[in-house]
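Take a look at the letters that make up each chain.
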Amino acid sequence: MSSNKPSFLHGIDMSRLPRHVAIIMDGNGRWAKKKRLPRLWGHRAGAKTVREIVEAAARLGISVLTLYAFSTENWTRPKTEIMGLMRLLFRTLRAETEELNRNNIQLETIGDISKLPAFVQSDLAKAKAQLAHNSGLKLILALNYGGRQDIIQSVNSLLKEGPGKATEELLERHLQTAGLPDPDLLIRTSGEMRVSNFLLWQIAYSEIFVTPTLWPDFKKEDFYRAIIDFQKRERRYGGIG
Ligand code: IPE
Ligand code: IPE
Ligand code: MG
């Protein structure tokens, strides 16, 4: 086989993978409602999808996967749901860190995690440390994350550095995603056509893929489909192609 022929896996052109995929994992509540189950069961089913998609992304060789797990606005939900989500995060981290390690995955977070319960913070720190030496997929969990807050904290850091001219490069250097490529592909499940305060600055030229599939029903084949769709797009960045 000639080496300059593109190689395909699941119909995906492996030479043109998105470097950074960001996902708004939405629809856990509606999934549970459809099944007349408590919302938390939807979140549990959603955690299984996280496992499947993280593994699929790692196997494909994607560099960065950012998952929107808890927004700055999600604190407005009932306390019981918030605590349920925090416990689920804690349990999932405990159960999955070994497997993440086997898959050579690194773990990072964006968002103000100092506001999360102490038990979640300490487990996150442990998991990050355990996975720090890996060199494969960079898995970034957005926890208590808001795009506007991200921009504001960057501006504040810039101001602290003293007077000077703000530039795109300087502002980017202080965003929580500093050093990462901008998302090439932004996926949102469950059909909502909005960005809900996710990476606002960073998605300026991301390709957006919205699927009606609810997050707990989203399978690796759906993930591959999103990537194949992405590979058909013509990215023009304001030019004429
Ligand atoms: C996404 O599912 C998970 C989080 C926001 C934590 P939702 O809980 O928003 O589910 P819907 O939108 O109510 O269906
Ligand atoms: C976005 O989903 C946040 C996460 C997926 C963590 P939401 O369900 O909170 O967003 P809205 O309320 O539909 O905009
Ligand atoms: Mg939602």
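Only a predicted model underlies this, so the values are computations on that prediction, with no experimental measurement involved.

## A word on helix α5 (residues 147-160)
Taking 1.5 Å of rise per residue, the 14 residues of α5 would be expected to cover 20 Å, and the 20 Å separating its terminal C-alpha atoms lies within 8% of that figure. Here α5 has its buried residues at Gly147, Asp150, Ser154 and Leu158. All buried residues of α5 fall inside an arc of 75 degrees around its axis, so they share one side. Facing away from the buried surface of α5 by more than 90 degrees, the exposed residues are Arg148, Ile152, Leu159 and Lys160. Immediately beyond the C-terminal end of α5, within one or two residues, lies Gly162, with a positive phi of roughly 105 degrees.

## Things to note about the sheet that holds strand β4 (residues 64-71)
The strand order across the open sheet built from six strands is β5-β6-β4-β3-β7-β8, with neighbouring strands paired in parallel fashion. Pairing within the sheet leaves two strands with one partner each, and these edge strands are β5 (106-110) and β8 (207-211). Averaged over neighbouring strand pairs, the angle between their axes works out to 20 degrees when direction is ignored. Inspection of the sheet shows β5 paired to strand β6 (residues 138-145) by five bridges, in the parallel sense. Bridged to Leu107 within β6 is Leu139.

## Here we look at unusual backbone geometry
Even without a glycine there, the phi angle at Arg36 is positive, about 55 degrees. Within the secondary structure layout, Arg36 lies in the loop between α1 (28-34) and α2 (39-60). With a phi close to 50 degrees, Tyr237 is a non-glycine residue in the positive phi region. Tracing the backbone through its elements, the reader meets Tyr237 in the segment after α7 (220-232).

What counts and what doesn't
Residues numbered from 1 in each chain as written. Chains lettered and ligands numbered in written order. Predicted model: local features only at pLDDT ≥ 70, side-chain atom pairs only at ≥ 80, totals over all residues. Heavy atoms only, no water. Helix = DSSP H or I, 4+ residues; strand = E, 2+ residues; numbered from the N terminus. Expected span 1.5 Å × (residues − 1). Buried < 20%, exposed > 50% of the residue type's maximum accessible area, 1.4 Å probe, protein only. Arc of directions from axis to C-beta. Pairing = 2+ DSSP bridges. Axes fitted to C-alpha atoms, helices over the stretch in contact; angles between N-to-C directions.

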